[in-house]
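This is what each chain is made of:
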Amino acid sequence: MAWLNRYFELDKLSTTVRREILAGITTFISMSYILFVNPNVLGAAKMDTGAVFTATALASALGCFLMGFLARYPIATAPALGINAFFSYSVVIGMGVNWQTALSGVFVASLIFLLITIFKLREMIINAIPSDLKYAISSGIGLFIAFLGLHQGGLVVANKSTVVGLGSFTTPTTWLTIFGLIITAILMIRKVPGAIFIGMFLTSILGLVTGLIKMPSHLVSGAPSLAPTFGVAVKHVGEISTPQMWVVVLTFLLVTFFDTAGTLVGLAQQAGFMKNNQMPRVGKALMSDSTAMLAGSLLGTSPVGAYVESSAGIAVGGRSGLTAVVTGICFLFGMLFSPLLTVVTDQVTAPALIIVGVLMAQSLKYVDWGHLEVAIPSFLIVLGMPLTYSISDGMALGLITYPICMIAAKRGREVHPIMYGLFFIFIIFMWVLTVG
């Protein structure tokens, strides 16, 4: 125990091994839903859910170990919600790209992300995109995720007269979603650790008891094989040759980059690590994150990022990298429970998506709605993502209109040159999608 104290500086951080272990377990419980939600989401792209389950666990564990040992932060990582939805619903289903090529896009984006981290270009890119648009992107992804949850849970359905409409309450499985949403909301409001996981667990139990979900033949087994997804990203990297795919790569990069940066800073503020508005060892934290993203693409999962659920572990006293290491160990043990994948249906994961959407939408309060040159592009991003059913389309609407609005407000000089570059990139992006 003495070496743990020395390496993680537990005394300096006024914490203990016992507290760090508890924090790590708390963090895992809070985010363990991703083990079942990620295969569910990527399964829509025709990926092997068993392989995705194992890839999710391994990539999450690796990211946690790197964040714990290298950056020494109590911040856990896993495949990010939102970007996995972009992978399945926008790239594979929407654009008609096969999942193998999409996975190659994640691989290429992770290499670029790694280079950006190594050459310390983070500050330049972060400073280029205004904070208002960063908050809008995060919030827009939240609305998109929530919309997915409402649709998968049967609460929102297609309607020829009104485009979308309220689902039928005569469908028994829809009531599973309603039950899960209410239970999870109550637990979240009461600040119960692991609220999302508990909500999914109780919804699954109700489904099993009522017969709406079939009982699995067994609960514990060896980890599913990685063979269907392992190394596929490298084999198909040559298919990243069209303007459409390069825009996909750029979107993977931008969304992951800013989501990770925002999450890291927010958690660092919660834990009291920020000094002079700077996050110590942020380079190591980003290196940990980008390395996990690269490994995840090779294993067979969508981009890995820092998880806001780490706040649950921080809230119970986690202050060192030991918290993240414990969370990583829990992910490895979690691989033994793959049979539960058949129990975690769309109606079970839908409430989790809706609640995570609520959490991400809270960034809206930081947007400067008082100035139209900022409010208009921000609004188009936020509204565009769910209504176009595409994160990249929503980003395009905002990043194209932002320079125009700023010039109209005679503030064109305030726009960073990189933003003008993104303006042309997304113009090409829209052209490729609608004409090409």
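Anyway, here's the lowdown on the structure attached to this text. These numbers were taken from a predicted model, which means no experiment stands behind them. (Residues numbered from 1 in each chain as written. Predicted model: local features only at pLDDT ≥ 70, side-chain atom pairs only at ≥ 80, totals over all residues. Heavy atoms only, no water.)

## Things to note about the overall build of the protein
Per the secondary structure count, the protein includes 19 helices and 4 strands. Taking 436 residues into account, the globule formula puts the C-alpha radius of gyration at 22 Å, and the protein, at 21 Å, falls close to it. Seen along its three principal axes, the alpha-carbon backbone of the protein occupies a region of about 60 × 60 × 45 Å. Per-residue burial for the protein yields a buried fraction of 56% across its 436 residues. Sequence-distant contacts, at least 24 apart, represent 80% of the contacts inside the protein between residues at least 6 apart. Just so you have it, the protein exposes about 18,200 Å², and 69% of that area is on carbon and sulfur atoms. Between the mean site of the 22 positive side-chain charges and the mean site of the 15 negative ones, the protein shows a separation of 6 Å. (Helix = DSSP H or I, 4+ residues; strand = E, 2+ residues; numbered from the N terminus. Rg over C-alpha atoms; globule rule 2.2 N^0.38 Å. Buried < 20%, exposed > 50% of the residue type's maximum accessible area, 1.4 Å probe, protein only. Contact = heavy atoms within 4.5 Å. Areas by Shrake-Rupley, 256 points an atom, 1.4 Å probe, with all protein chains shown as cover. Lys, Arg positive; Asp, Glu negative; His and termini not counted. Charge placed at Lys NZ, Arg CZ, Asp CG, Glu CD.)

## Thoughts on the nonpolar core
Grouped together as the largest cluster of nonpolar side chains are 116 residues, with contacts concentrated most on Leu-81, Phe-87, Met-200, Phe-252, Phe-331, Met-395 and Phe-426. No other element matches the 14 residues that helix 12 (residues 243-271) contributes to this core. The residues contacting Met-200, other than those within four sequence positions of it, are Tyr-33, Phe-36, Val-37, Val-344, Val-348, Thr-349 and Ala-352. Formed by 6 residues, the second largest nonpolar core is a distinct cluster that contains Ala-55, Ala-59, Leu-226 and Ala-292. (Core = buried A, V, L, I, M, F, W, Y, C linked by side-chain atoms within 4.5 Å.)

## A short note on helix 16 (residues 346-361)
For helix 16, with 16 residues, the first-to-last C-alpha span of 22 Å sits near the 22 Å given by 1.5 Å per residue. The buried fraction of helix 16 is high, at 13 of 16 residues. (Expected span 1.5 Å × (residues − 1).)

## A look at the packing of aromatic side chains
In the structure shown here, the tally under the stated rule is 14 aromatic pairs. Centroid distance Tyr-7 to Phe-69: 6.3 Å. Interplanar angle 55°. Geometry classified as tilted. Note that Tyr-7 is positioned in helix 1 (residues 2-8) and Phe-69 in helix 4 (residues 49-71), a separation of 62 residues in sequence. Judged by relative accessible area, Tyr-7 falls into the partly exposed class, the value being 35%. An aromatic cluster of at least three residues, connected via ring pairs, comprises Tyr-89, Phe-144, Phe-147 and Tyr-389. Between Arg-281 and the ring centre of Tyr-73, over which it is positioned, the NZ or CZ distance is 4.4 Å. (Phe/Tyr/Trp six-rings, centres within 6.5 Å; stacked < 30°, edge-to-face > 60°. Lys NZ or Arg CZ within 6 Å of the ring centre and 35° of its normal.)

## Regarding unusual backbone geometry
Phi angles above zero are rare outside glycine, and Ser-14 is one such case at about 55°. Mapped onto the elements of the fold, Ser-14 is located in the loop between helix 1 and helix 2 (17-31). We note that Val-163 has phi near 70°; this positive angle belongs to a residue other than glycine. Along the polypeptide, Val-163 turns up in strand 3 (residues 163-166).

## Quick notes on the state of the cysteines
By definition, a disulfide links the sulfur atoms of two cysteine residues through a covalent bond. Within the structure shown, the criterion is met by 0 disulfides. Cys-330 supplies the cysteine sulfur nearest to Cys-64, a cysteine that is in no disulfide, at a spacing of 9.2 Å. Residue classification places Cys-330 among the buried residues on the basis of a relative accessible area of 17%. (Disulfide = S-S within 2.5 Å.)

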